[in-house]
Amino acid sequence: MLGQGCGKRVLARGPCAEVTRCTCGHIHLAMGPVTIRVEEEVLRAIGMTLAEAVHNLDEPERAHADDAESAPSMQAPTFGGWKQ
């Protein structure tokens, strides 16, 4: 029906991001010009991952270097292919 959209409720708002929930249940994570629609479980997983990353920012660089040596490489091949 034209003119009838979801109602949104702000769950959190900061200087770089906003999280809202639609009355239909979708959760929207907006960061600048990008909005990602996720399920509640995915938002919780993203939150835990971000919290871990922020925690690890405070650790000495040496600890991260040890982790990088044992972790499998996620880099794209230099001859083409996927690049981030």
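Residues numbered from 1 in each chain as written. Predicted model: local features only at pLDDT ≥ 70, side-chain atom pairs only at ≥ 80, totals over all residues. Heavy atoms only, no water.

1. Considerations on helix α1 (residues 40-57)
Given 3.6 residues per helical turn, the α-helix brings residues three or four places apart onto the same face. Taking 1.5 Å as the rise per residue, α1 with 18 residues should run 26 Å; its terminal C-alpha atoms sit 26 Å apart, in good agreement. Here α1 lies mainly on the outside; 0 of its 18 residues are buried. (Helix = DSSP H or I, 4+ residues; strand = E, 2+ residues; numbered from the N terminus. Expected span 1.5 Å × (residues − 1). Buried < 20%, exposed > 50% of the residue type's maximum accessible area, 1.4 Å probe, protein only.)

2. Here we look at a nonpolar patch on the surface
Together, Met31, Val34 and Ile36 make up a nonpolar patch on the protein surface, roughly 230 Å² of accessible area in all. Its location among the elements puts Met31 in strand β3 (residues 27-31). By relative accessible area, which is 37% here, Met31 ends up partly exposed. (Patch = residues over 30% accessible without salt bridge, like charges linked within 9 Å, V, L, I, M, F, W, Y side chains within 5 Å. Areas by Shrake-Rupley, 256 points an atom, 1.4 Å probe, with all protein chains shown as cover. Salt bridge = Lys/Arg side-chain N within 4 Å of Asp/Glu carboxyl O.)

3. Quick word on the pairing of strand β4 (residues 34-38)
Direction of pairing for β3 relative to β4: antiparallel, over a ladder of 5 bridges. Bridge assignment links Ala30 to a residue of β4, and that residue is Thr35. From the end of β3 to the start of β4, which pair antiparallel, there are 2 residues, and Gly32 there has a positive phi angle of about 60°. (Pairing = 2+ DSSP bridges.)

4. Considerations on the state of the cysteines
By the definition in use, this model includes 0 disulfides. Take Cys22: it sits in no disulfide, and the sulfur closest to it among the cysteines is that of Cys6, at 4.4 Å. Here Cys24 stays free of any disulfide, with the sulfur of Cys6 as its closest cysteine sulfur at 3.3 Å. (Disulfide = S-S within 2.5 Å.)

5. Comments concerning the sheet that holds β4
A sheet is described by the order of its strands in space; here 4 strands give the open sequence β1-β2-β3-β4, paired in antiparallel fashion. Sheet topology places β1 (8-13) and β4 at the edges, where each strand pairs with a single neighbour. Strand-to-strand twist in this sheet, taken as the mean axis angle between neighbours without regard to direction, amounts to 25°. Here α1 sits on the sheet and contacts β2 (18-22), β3 and β4; the angle it forms with β4, its principal contact strand, is near 120°. (Axes fitted to C-alpha atoms, helices over the stretch in contact; angles between N-to-C directions. Contact = heavy atoms within 4.5 Å.)

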